[in-house]
Amino acid sequence: MSLNKNQIAQRIAQELEHNMYVNLGIGIPTLVANYIPKGINVEFQSENGILGMGPFPLEGDEDPDLINAGKQTITTLPGAALFDSAMSFSMIRGNHVQLTVLGAMQVSEKGDIANWKIPGKMVKGMGGAMDLVASAENIIVAMMHTDRSGGSKILKKCTLPITGVNCVKKIVTNLAVLEITTSGIKLNERAPGVSVEEIIKSTDVELIIPEKVLEMKL
Amino acid sequence: MIDKTIKNIEEAISGTESNMTFMFGGFGLSGIPENCIAALSRQEIFGLTCISNNAGVDDFGLGLLLKRKQVRKMISSYVGENAEFERQMLSGELEVDLIPQGSLAERCRAGGAGIPAFFTPAGYATEVAKNKEVRIFNGKPHILEHALTADFSFVKAWKGDIAGNLIFKGTARNFNPLMAMAGKITVAEVEELVPAGVLNPNQIHTPGIFVQRIFQGEIYEKRIEQLTVRKKE
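Let us look at the structure shown here. Because the structure is predicted, anything quoted here is derived from the model rather than measured.

Let's shift gears to the pairing of strand S10 (residues 183–194) of chain B. Residues and elements named next belong to chain B. Inspection of the sheet shows strand S8 (residues 150–161) paired to S10 by 10 bridges, in the parallel sense. Residue pairing across strands places Val155 opposite Ala188, the latter belonging to S10. Relative to strand S11 (residues 213–216), S10 runs parallel, the two sharing 4 bridges. Pairing of Val190 across the sheet is with Gln216, part of S11.

Here it is as structure tokens:
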């Protein structure tokens, strides 16, 4: 069985380390916050100007002056800090945020990412995505392995306008956990019940397949 | 102490003209200068270049200026939530310059800080890098981005004093302090205007030197774009 979006988030949550500063993008990445492993503390940064972001407020406690980058109402946790957008992107560009989880439309063999624009469709803008991918040393992409028509979203070269180059380190999809190495994309894990052959068939680049491909543990 | 207070909203926006460049603080609808935007949307000024992270919604925020077709060019990082904006952009009536959010923030900051341009890795090898100088620092390519300034910057703070010192609340701070620095004339509207000496100087976010006009906004709707709550357990 391939994973659903929540399970992709659950698998990515296993990558969290104690006392890490983390920025979660919109979509599947947001769900990662629901699966923080027991005993692990992470601080969430949102690029509109908050560190130590907490859960959604209780009904009636919402504050229009407290939102995340997706414009949703949020709360602060003890130890939180608030700041302006230039300082926020100093944290991001200056590589002080240790893990960035983003959604993507395409990822290339070299770790290029395309996630902001589809030519011919309404262009909404890149928001903070280009700044986020420009410097971060640890970027994990959360996405479905294939698009709606079954085409691989992992390609030799991105065909959509790119957001950044050579930046993605890991991809977690509904089928697999993949690592981007200097010699190519390595298949690290397969989703429960999904065969290596199935993953190869759904991927448009030649994968490096280790002797034993572990099944994901959720 | 230099008194920056003005009497009314008319005085706040006096001197604004067609074809000027305006900056507007805010992220989504959070921390936008509601009163100034509403007043500007009643003026006979057109052909404006507006620098703002977002473009409001159809009937609130910068959507009000768009509806009256007062905006010629929009400089933003994300403009998703506005149908009239989309219509004008697709028909070619509205020019749109999309730039990465961190570069937008830094370009405003640089504009106010006397730095004409800077190199950033954001946008390298993308459409954003088109016609921009590329240089390698520490083995990594960067692109040259220029500072932004404005004829008027309209910002919104939580509290301010008559000397123009500002304190922001929550994530409503966002672009406001940076744009306050980058305006030839910066107009600050605040929820609460207090006499000099009331605010603790240790806690000022934007020093009054960056603010030319300050007033207490009449009403604040503070609309929420995406209300998300959890149930009591």
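This is not the end of the story, as more comes after the structure.
A positive phi is found at Asn95 of chain A, a non-glycine position, where the angle reads about 65°. By the element assignment, Asn95 of chain A lies in the loop between helix H3 (85–93) and strand S5 (99–102). With a phi angle near 30°, Asn174 of chain B is a residue other than glycine that sits in the positive phi range.

On to the sheet that holds strand S9 (residues 154–155) of chain A, then. Residues and elements named next belong to chain A. Strand order across the open sheet formed by 3 strands is S7-S6-S9, with mixed pairing between neighbours. One side of each edge strand has no neighbouring strand; the edge strands of this open sheet are strand S7 (113–114) and S9. In the sheet, strand S6 (residues 106–108) pairs with S9 via 2 bridges, with the strands oriented parallel. By the bridge assignment, Val107 is partnered in S9 with Ile154.

Right, let's talk about the interface of chain B and chain A for a bit. At the junction of the two partners, chain B supplies 51 residues and chain A supplies 46 residues. When the buried surface of chain B facing chain A is broken down by residue, Thr171, Thr228 and Arg230 of chain B rank first, second and third, together holding 16% of it. Connecting chain B to chain A are 6 salt bridges. Of the charged contacts, one joins Lys231 of chain B and Glu59 of chain A as a salt bridge, the two residues approaching to 3.1 Å between their closest N and O atoms. Our enumeration of links across chain B and chain A arrives at 27 residue pairs in polar contact (both at pLDDT 80 or more). Of all the secondary structure elements, the ones that give two or more residues to the side of chain B that touches chain A are helix H4 (83–91), helix H5 (101–113) and helix H6 (176–182) of chain B. Here the side of chain B that touches chain A is composed, by residue class, of 21 nonpolar, 16 polar and 14 charged.

Right, let's get into the packing of aromatic side chains. Residues and elements named next belong to chain B. The full count for this structure, using the stated rule, is 6 aromatic pairs over all chains. With centroids separated by 5.4 Å and ring planes inclined at 85°, the aromatic side chains of Phe22 and Phe154 adopt a geometry described as edge-to-face. Highlighted residues: Phe22 in strand S1 (residues 21–24) and Phe154 in strand S8, separated in sequence by 132 residues. Just as Phe22 is buried, Phe154 falls in that class too. Clustering of aromatic rings is evident, with ring pairs tying together Phe22, Phe24, Phe152 and Phe154. Note that Lys156 overlies the ring of Tyr220, its terminal NZ or CZ placed 5.1 Å from the centroid.

What counts as what
- Residues numbered from 1 in each chain as written.
- Chains lettered and ligands numbered in written order.
- Predicted model: local features only at pLDDT ≥ 70, side-chain atom pairs only at ≥ 80, totals over all residues.
- Heavy atoms only, no water.
- Pairing = 2+ DSSP bridges.
- Helix = DSSP H or I, 4+ residues; strand = E, 2+ residues; numbered from the N terminus.
- Contact = heavy atoms within 4.5 Å.
- Buried area = accessible area lost by both parts, 1.4 Å probe.
- Salt bridge = Lys/Arg side-chain N within 4 Å of Asp/Glu carboxyl O.
- Polar contact = N/O pair within 3.5 Å; in protein donor to acceptor, adjacent residues only side chain to side chain.
- Nonpolar A, V, L, I, M, F, W, Y, C, P; charged D, E, K, R; others polar.
- Phe/Tyr/Trp six-rings, centres within 6.5 Å; stacked < 30°, edge-to-face > 60°.
- Buried < 20%, exposed > 50% of the residue type's maximum accessible area, 1.4 Å probe, protein only.
- Lys NZ or Arg CZ within 6 Å of the ring centre and 35° of its normal.

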